[in-house]
Amino acid sequence: MKIGFFDSGIGGLTVLKKVVNTFKGHHYFYFGDTLNVPYGSKPIEKIINILKELFHFYEENGIDIVVAACNTSDSLILRNYIDIRKYNFNYISILENAVSQINERDKVLLLATENTVRTGTYRELLVSKKATVNEIACPLFVPLIEEGIWHGPIAESIVNFYLKNQKSYDKIILGCTHYPILDKHIKKVVKGNIIDPADGIVETLKNYISIKNDNPKIDFYVSGNINKFIHNTERILGKNTFDISYKNLVLGESGVIPW
Ligand code: DGL
């Protein structure tokens, strides 16, 4: 099967990694829009235009399933900024797969981008669980992670900056796919069970795809600096035998010269 992923940058690799390690020998596509990262503080019209072009590209490539590996985009799609039903692929929402891991009346801390918090989409979905929610936008996390600074005093102090006054929660939703890269630091500062929406996605995908034992094939499409993306991707996916290709793809900005 052909399974497509998308994110503003390397964050969605935290989802791709769990899916590829579970289902193995399918053909995966991943769009990392590093030219436009972060989506969390970009005008939403820009994000929508890019996503529409991407979905068209995925349709033309015969993708069977598209996985939202970006909460910011999904929080807009669930608000119907794009009519996702009109495309030929099945669409897997990341927000729904995060909320499916929440129990009734849980005390929840949602960590997400500014745009995700502003849409209120998580808040609305969590109403069905009668959960109490505290939301914190952490806009410095994404640039930090894209720069490859995942450990050490800078990462620790930025996590502290946003979270030091938080006490304890039943669940902490990592509502941005970049954030699992900082989960060790987050765990040190706030008490609560960490929810990685990617785990819900893996469960949901079991209804759509089989586990294959062949070698996975991954085609990466990157809008920004490919070498930087390759470096970070190798750190996240680790040593593997996957059949991987990297290509440049710029969307929503016709006429822009790629790096
Ligand atoms: N990783 C994305 C998300 O899950 C986008 C983060 C960003 O670009 O601000 O929201």
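Described below are features of the structure shown in this document. (Residues numbered from 1 in each chain as written. Predicted model: local features only at pLDDT ≥ 70, side-chain atom pairs only at ≥ 80, totals over all residues. Heavy atoms only, no water.)

The contact between helix H1 (residues 13–23) and helix H10 (residues 197–205) brings their axes to 9 Å, and the two run at 35°. Both H1 and H10 take part in a crossing whose hand is right-handed. Between H1 and H10, the contacting residues are Thr 14, Val 15, Lys 18, Val 19, Thr 22 and Phe 23 on the first element and Ala 198, Asp 199, Ile 201, Val 202 and Leu 205 on the second. Classifying every residue of the contact of H1 with H10 gives 7 nonpolar, 2 polar and 2 charged. (Axes fitted to C-alpha atoms, helices over the stretch in contact; angles between N-to-C directions. Helix = DSSP H or I, 4+ residues; strand = E, 2+ residues; numbered from the N terminus. Left-handed = near helix turned anticlockwise from the far one by under 90°. Contact = heavy atoms within 4.5 Å. Nonpolar A, V, L, I, M, F, W, Y, C, P; charged D, E, K, R; others polar.)

Glancing now at the site of the ligand. Close contacts around the ligand come from 14 residues, with Ser 8, Tyr 39, Gly 40, Asn 71 and Thr 72 the closest. Here an oxygen atom of the ligand sits 2.6 Å away from a polar atom, N or O, in the side chain of Ser 8. One nitrogen or oxygen atom from the side chain of Thr 72 is found 2.6 Å from an oxygen atom belonging to the ligand. Burial of the ligand by the protein amounts to 99% of the accessible area it has alone, namely 300 Å². Of the residues in the shell around the ligand, the class split is 6 nonpolar, 7 polar and 1 charged. (Near = heavy atom within 4 Å. Polar contact = N/O pair within 3.5 Å; in protein donor to acceptor, adjacent residues only side chain to side chain. Areas by Shrake-Rupley, 256 points an atom, 1.4 Å probe, with all protein chains shown as cover.)

Our focus in this paragraph is helix H2 (residues 44–60). In a regular helix each residue adds 1.5 Å, so 17 residues correspond to 24 Å; H2 covers 24 Å between its end C-alpha atoms and thus fits that length. Turning to H2, its buried residues number three or more, namely Ile 47, Ile 48, Ile 50, Leu 51, Leu 54, Phe 55, Phe 57 and Tyr 58. (Expected span 1.5 Å × (residues − 1). Buried < 20%, exposed > 50% of the residue type's maximum accessible area, 1.4 Å probe, protein only.)

What follows is about the state of the cysteines. Enumeration according to the criterion identifies 0 disulfides in this entry. Note on Cys 138: no disulfide assigned, nearest cysteine sulfur contributed by Cys 176 at a separation of 8.8 Å. (Disulfide = S-S within 2.5 Å.)

Here we come to the packing of aromatic side chains. One pass over the full model with this rule turns up 18 aromatic pairs. Their ring planes at 70° and their centres at 5.5 Å tell us that Phe 6 and Phe 55 sit as a pair that is edge-to-face. Of the two residues, Phe 6 is situated in strand S1 (residues 2–7) and Phe 55 in helix H2; the sequence distance between them amounts to 49 residues. Note on Phe 6: relative accessible area 1%, which makes it buried. By relative accessible area, Phe 55 is classed as buried at 0%. Measuring from centroid to centroid gives 5.6 Å for Phe 55 and Phe 89, while their planes differ by 65°, and the two rings are edge-to-face. Note that Phe 55 is positioned in helix H2 and Phe 89 in the loop between helix H3 (71–77) and strand S4 (90–92), a separation of 34 residues in sequence. Overall, the relative accessible area of 5% leaves Phe 89 in the buried class. Ring pairing ties together the aromatic residues Phe 6, Phe 55, Tyr 87, Phe 89 and Tyr 91, which thus form one cluster. A cation over a ring is seen here: Lys 107 above Tyr 169, with NZ or CZ 5.2 Å from the ring centre. (Phe/Tyr/Trp six-rings, centres within 6.5 Å; stacked < 30°, edge-to-face > 60°. Lys NZ or Arg CZ within 6 Å of the ring centre and 35° of its normal.)

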